[in-house]
Amino acid sequence: MSKTVLLAGGAGYIGSHTAIELIDKGYKAVIADCHYNSNPIVYERLKEITGTDIPHYNIDVCDENALNRVFEENNIDVVIDFAGYKAVGESVREPMKYYKNNLNSTFSLVNTMERHGVSNIIFSSSATVYGMNNPSPLTEDMNLGPCTNPYGWTKFMNEEILRDLSAANEELSVVLLRYFNPIGAHSSGLIGEDPKDIPNNLMPYIAQVASGKLEILSVFGNDYDTHDGTGVRDYIHVVDLAKAHVLAADYASEHKGVEAFNIGTGVGYSVLDIVKAFERVNNLTIPYKITERRPGDIATCYADSSKAEKILGWKAEKNLEDMCRDTWNWQSKNPEGYK
Ligand code: UD1
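Being a predicted model, the structure only gives us computed values, none of them experimental.

Two measures describe an aromatic ring pair: the distance that separates the ring centres and the angle between the ring planes. Tallying each qualifying case throughout the model produces six aromatic pairs. Here Y85 and Y98 contribute two aromatic rings whose centre-to-centre distance is 5.4 Å and whose plane-to-plane angle is 65°, an arrangement assigned as edge-to-face. Of this pair, Y85 sits in the loop between β4 (78-81) and α4 (88-93) while Y98 is found in helix α5 (residues 95-115), placing the two residues 13 residues apart along the sequence. Each of the two residues, Y85 as well as Y98, counts as buried. Clustering of aromatic rings is evident, with ring pairs tying together Y36, Y85 and Y98.

What follows is the structure in structure tokens.
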């Protein structure tokens, strides 16, 4: 019988792409999302892509009573915890909002899992847990922190909490997926990243400059110790990232304990590499200006993902060209996002 995966926060950018890959591999998907940072139109789009009406609940994952009903009505085998706020700058201005929501949603999930005898959880973590001081390529055995902002600390803390829970309960299976920089969109152009306000992250900002919604890209600093002075990151296609969740779900079902995996390509590109690739692939011009460094940014961050390859059998398959093309395909077909 096929297994059922609950995607908490599954209507968002990474969750929606993951739902497709899970269904493609024979899993049943159930989504719980309050649409704080997603749009219910995504369910129609997912139906168009998968041919499946994905059961979905418009609930706040922090609401344990509401979450309990989801578990009562579905035979959940695996939980993926995508639910969380993710705007770094906002987390600095409103730390309590981040600590409260990002920790409570995970508490609510693990409590409800325990109540229903569900023992497999995959957590959306981030490269941000490696902090400021570790040299790239980053490996999972490096010391974590210190993080540079409350958002990062919530990832760090949730990892630690899940580790402690796993140590106290040998039935539990925890997979921590440390995402690098997810970009791109499903090749259909039906789903993609739809930032709430002005984008904080590089690729959605470039996409909105390309579509004319924003005027000019600010490149945050060109005096870093990198090949062209601009920040270097490990950009990963969201569909590759989604596939890592499917393999993590397979793995969690067969193993106990806790395991962290870097999900990146292992290749670092600078801000200007991304701008040039986007221009070349899509035959566009992206106006940009060099500005001050953004506080909290580091020069270079990329993954060693060999552990994910060895243990999960996962490896990124898509390249920068795919990422740039698919981002623009989504953006040009949906200039206003899902609205
Ligand atoms: C950021 C967060 C990280 C989080 C990730 C996903 C920080 C310090 N880190 O990663 O914790 O997990 O987003 O949400 O915010 N850039 C520009 N101009 C822009 C935007 C970005 O030059 O308008 C540059 C940045 O300086 C950086 C690179 O582009 O060098 C990537 O930035 P971004 O997309 O925001 O991701 P990260 O900062 O790597």
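The rest of the description comes next.
Here the structure, examined in full by the defined rule, presents one cavity of 30 Å³ or more. Here the largest cavity is characterised by a volume of approximately 80 Å³. Taken together, Y13, I183, G184, E193, P195, M203, P204, A207, T327, W330 and Q331 form the lining of the largest cavity. Counting only elements with at least two residues in the lining of the largest cavity, the list comes to α7 (202-210) and α11 (320-333). When the residues that make up the lining of the largest cavity are grouped by side-chain class, the tally is seven nonpolar, three polar and one charged.

This part takes up the packing of α7 against helix α9 (residues 271-282). Running from amino to carboxyl end, α7 crosses α9 at an angle of 40°, the nearest separation of the two axes being 11 Å. The interaxial crossing formed by α7 with α9 has right-handed handedness. On α9, the residues that touch L202, M203, I206, A207 and A210 of α7 are V271, I274, V275 and F278. Considered class by class, the residues forming the contact of α7 with α9 number nine nonpolar, no polar and no charged.

Our next topic: helix α3 (residues 64-73). Within α3 the residues assigned to the buried category are A66, L67, N68, V70 and F71. Of the surrounding elements, those touching the buried residues of α3 are β1 (4-8), β2 (28-32), β3 (56-57), β4 and α5. The opening residue of α3, the one whose side-chain oxygen lies 3.2 Å from the backbone nitrogen of N65, is D63.

On to the side chain of T230. Within the element layout of this structure, T230 appears in the loop between β8 (217-220) and β9 (232-233). In this structure the side chain of T230 is engaged in a polar contact, spanning 2.8 Å, whose partner is the side chain of D228. There is a polar contact of 3.2 Å between the side chain of T230 and the backbone nitrogen of V271. Excluding residues within four positions of it along the chain, T230 makes contact with V219, G221, N222, Y224, S270, V271 and L272.

Of all residues adjacent to the ligand, which total 19 residues, the nearest are L202, S218, R233, R294 and D297. A distance of 2.9 Å separates an oxygen atom of the ligand from a polar side-chain atom of S126. Here N201 contributes a side-chain N or O atom positioned 2.9 Å from an oxygen atom of the ligand. Summarising the interface, the protein chains cover 90% of the accessible area of the ligand, which totals 740 Å² for the free molecule. With four residues, β8 is the largest single contributor of residues to the shell around the ligand. Looking at side-chain class alone, the shell around the ligand contains eight nonpolar, eight polar and three charged residues.

At 3.6 residues per turn, the α-helix brings residues three or four places apart onto the same side. The end-to-end C-alpha distance of α5 is 30 Å, a good match for the 30 Å that 21 residues give at a rise of 1.5 Å each. For α5, the full list of buried residues reads Y98, N101, N102, L103, S105, T106, S108, L109, V110, T112 and M113. Just beyond α5, the residue with positive phi is G117, at close to 65°.

In this fold, S38 is placed in the loop between β2 and α2 (41-50). Exposure remark for S38: the relative accessible area of 18% places this residue in the buried category. In terms of polar contacts, S38 uses its side chain to reach the side chain of D33, at 3.0 Å. Setting aside residues no more than four positions away along its own chain, S38 makes contact with A11, G12 and D33.

Cut-offs and rules
- Residues numbered from 1 in each chain as written.
- Predicted model: local features only at pLDDT ≥ 70, side-chain atom pairs only at ≥ 80, totals over all residues.
- Heavy atoms only, no water.
- Phe/Tyr/Trp six-rings, centres within 6.5 Å; stacked < 30°, edge-to-face > 60°.
- Helix = DSSP H or I, 4+ residues; strand = E, 2+ residues; numbered from the N terminus.
- Buried < 20%, exposed > 50% of the residue type's maximum accessible area, 1.4 Å probe, protein only.
- 1 Å grid on protein atoms, 1.4 Å probe; cavity = no way out; pocket = protein on both sides within 12 Å on 5 of 7 lines; lining within 4 Å.
- Points joined across faces, edges and corners; volume = space filled by probe spheres on them.
- Nonpolar A, V, L, I, M, F, W, Y, C, P; charged D, E, K, R; others polar.
- Axes fitted to C-alpha atoms, helices over the stretch in contact; angles between N-to-C directions.
- Left-handed = near helix turned anticlockwise from the far one by under 90°.
- Contact = heavy atoms within 4.5 Å.
- Polar contact = N/O pair within 3.5 Å; in protein donor to acceptor, adjacent residues only side chain to side chain.
- Near = heavy atom within 4 Å.
- Areas by Shrake-Rupley, 256 points an atom, 1.4 Å probe, with all protein chains shown as cover.
- Expected span 1.5 Å × (residues − 1).

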